[in-house]
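Okay, here's what each chain looks like letter by letter:
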Amino acid sequence: MDSVCALFRPSRFLPLMLLLLSVACITEDRRLSGLPVEQRTLFLQNFGNSTFEGDLQMELTESLRTYIHMRRGYVLVEDRDAARFILFGDVILYRREGHLFDNELNPTRYDLNMVVRVRLIERQTGLTVTSFEEDARTQYSTQEGLVEDEVTARRRLYSSICRKIYNRISQEYPQQSPSP
């Protein structure tokens with residue numbers, strides 16, 4: 001009986017449930033999807049990383065690439081010269097802080113904080129469409145409540161910041177036609 005209960009423990013299915021929930025909540029961007037494809041092409045430059053956390057920028061870039069693709073507003077292109085817009089980003093802060101300590105002074109709950117600097121430019125003119133900093137925060141616990149690991153919590157953090165970045169760049173989309 002214990003082995004059956006261990007098989008269906010909620011912590012085993014938490015990553016799958018979070019993935020399904022995040023996919024179900026992503027809808028098509030109606031602000032941009034009606035525009036011609038050539039007016040909304042985007043080249044996503046790999047994010048930079050000004051922190052000491054390795055691979056963070058690659059994980060965030062891939063998460064943002066997936067999110068943009070799923071929203072179907074901007075159309076991602078592989079060739080920089082084929083894009084109308086170029087999106088640059090840099091992770092300027094990533095912090096993992098322990099809270100709520102056990103009897104041996106080991107943290108049982110953690111806060112994850114991330115701040116990114118983003119700039120969207122129009123490729124042909126070189127003009128900045130928008131430039132901003134965005135932040136996201138999440139908590140996770142390794143020993144209490146809905147137990148999860150840092151990798152799963154980082155995915156939630158990426159999901160949150162990708163949503164915020166996408167909303168900002170789609171709201172700032174220039175409504176005039178592209179320059180000849």
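Novice: Could you give an account of the environment of Leu42, with specific residues and numbers?
Specialist: Looking at where Leu42 falls in the secondary structure, it is placed in strand β1 (residues 41-44). Spatially, the C-alpha atoms of Leu42 and Val77 are 6.0 Å apart, while their sequence positions differ by 35 residues. In this structure Leu42 touches Ile68, Tyr74, Val75, Leu76, Val77, Ala83, Phe85, Ile86, Leu87 and Leu120, once residues within four positions along its chain are discounted.

Novice: Pulling in residues and values, what's your account of the nonpolar core?
Specialist: One finds Leu60, Tyr74, Met114 and Val116 to be the most contacted residues of the largest nonpolar core, which totals 32 residues. Of all the secondary structure elements, the ones that give two or more residues to this core are β1, α3 (56-71), β4 (85-101), β5 (107-122), β6 (128-141) and α4 (150-171). Aside from chain neighbours lying at most four places away, what touches Val116 is Phe47, Leu60, Asp90, Val91, Ile92, Phe132, Glu133, Glu134, Ile161 and Ile165. Among the nonpolar cores identified, the runner-up in size contains 5 residues, and Phe43, Val77, Ile86 and Ile121 belong to it.

Novice: Describe in detail the packing of aromatic side chains, supporting the description with residues and values.
Specialist: Applying the stated criterion to the full structure yields 6 aromatic pairs. Both rings, one in Tyr74 and one in Tyr173, keep their centres 6.2 Å apart while their planes meet at 65°; by these two values the pair is edge-to-face. In this pair, Tyr74 is assigned in the loop between α3 and β3 (75-76) and Tyr173 in the segment after α4, connecting sequence segments 99 residues apart. Residue class for Tyr74 comes out buried when judged on its relative accessible area of 2%.

Novice: Could you give me a rundown of the side chain of Asp111, with the residues and numbers involved?
Specialist: When you line up the elements, Asp111 lands in strand β5. Put simply, Asp111 is tucked away with no salt bridge, and the nearest opposite charge, on Arg109, sits 6.9 Å away. Leaving out residues up to four positions away in the same chain, Asp111 has contacts with Arg95, Arg96, Glu97, His99, Thr138 and Gln139.

Novice: Break down the side chain of Ser170 for me, citing the residues and quoting the values.
Specialist: Structurally, the position occupied by Ser170 is in helix α4. By relative accessible area, Ser170 is classed as buried at 3%. From its side chain, Ser170 meets the backbone oxygen of Asn167 in a polar contact 3.2 Å long. When neighbours within four sequence positions are excluded, Ser170 is seen to be in contact with Asp29, Arg31, Leu32 and Tyr74.

Novice: Go over α4 with me, naming the residues and quoting the values.
Specialist: Compared with an ideal rise of 1.5 Å per residue, which puts 22 residues at 32 Å, α4 spans 32 Å between its outermost C-alpha atoms and is within 8% of the ideal. Of the positions making up α4, those classed as buried are Thr152, Ala153, Arg154, Leu157, Tyr158, Ser160, Ile161, Cys162, Ile165, Tyr166, Ile169 and Ser170.

Novice: Give a detailed account of the confidence of the model for the protein chain, specifying residues and quantitative values.
Specialist: When pLDDT is averaged along the protein chain, the result is 83; 78% of the residues meet or exceed 70. Element-level mean pLDDT values for the protein chain span from 46 in helix α1 (residues 2-7) up to 96 in β1. Here residues 1-8 is a poorly scored stretch, pLDDT under 50, and it has 4 contacts once near neighbours within four places are set aside; other chains count.

Novice: Give a description of the packing of α3 against α4 that names residues and reports values.
Specialist: Relative to each other, α3 and α4 sit at 55°, their axes nearing to 9 Å. When the axes of α3 and α4 are compared, the pair comes out oblique. The two elements α3 and α4 meet at a crossing, and its hand is right-handed. Where α3 abuts α4, its residues Leu56, Glu59, Leu60, Ser63, Leu64, Tyr67, Ile68 and Arg71 lie against Arg154, Tyr158, Ile161, Cys162, Arg163, Ile165, Tyr166 and Asn167. Partitioned by chemical class, the residues of the contact of α3 with α4 number 10 nonpolar, 2 polar and 4 charged.

Analysis parameters
Counting of residues starts from 1 at the beginning of each chain's written sequence and follows it residue by residue. The predicted nature of this model means local features are confined to residues of pLDDT at least 70 and side-chain atom pairs, given and counted, to a pLDDT of 80 or more, with totals for whole chains, interfaces and linings taken over all residues. Hydrogens are left out, water is left out, and the side-chain values use all remaining heavy atoms of the structure. The secondary structure listing takes helices from DSSP runs of H or I that are at least 4 residues long and strands from runs of E that are at least 2 residues long, numbered from the N terminus. A contact between two residues is defined here by any heavy atoms of the two lying within 4.5 Å. Among buried residues, those of type Ala, Val, Leu, Ile, Met, Phe, Trp, Tyr and Cys that are joined through side-chain atoms within 4.5 Å constitute a nonpolar core. Accessible area is worked out with a 1.4 Å probe on protein chains only. A residue is then buried under 20% of its type maximum, exposed over 50%, and partly exposed in between. Only Phe, Tyr and Trp rings are paired, with Trp represented by its six-membered ring, and only when their centres lie within 6.5 Å; those with planes under 30 degrees apart are stacked, over 60 edge-to-face, the remainder tilted. Counting rule applied: Lys, Arg positive; Asp, Glu negative; His and chain ends not counted. A pairing counts as a salt bridge when a side-chain nitrogen of Lys or Arg comes within 4 Å of a carboxyl oxygen of Asp or Glu. Polar contact is the term for a pair of N or O atoms within 3.5 Å; when the atoms are in protein, one must be able to donate a hydrogen and the other to accept it, and sequence-neighboring residues count only if both atoms are side-chain atoms. A helix is expected to reach a length of 1.5 Å times the quantity of its residues less one. Per-residue confidence from the predictor is given as pLDDT, running between 0 and 100. Each axis is a line fitted through C-alpha atoms, and for a helix only the stretch in contact is used; angles between axes span 0 to 180 degrees, taken between their N-to-C directions. Orientation categories follow fixed angle ranges, with anything under 35 degrees roughly parallel, anything over 145 roughly antiparallel, 65 to 115 roughly perpendicular, and all other angles oblique. Crossings are assigned a handedness: left-handed for a near helix turned anticlockwise from the far helix by less than a right angle, right-handed for a clockwise turn. Note on residue categories: nonpolar means Ala, Val, Leu, Ile, Met, Phe, Trp, Tyr, Cys or Pro, charged means Asp, Glu, Lys or Arg, and polar means any other residue, Gly included.

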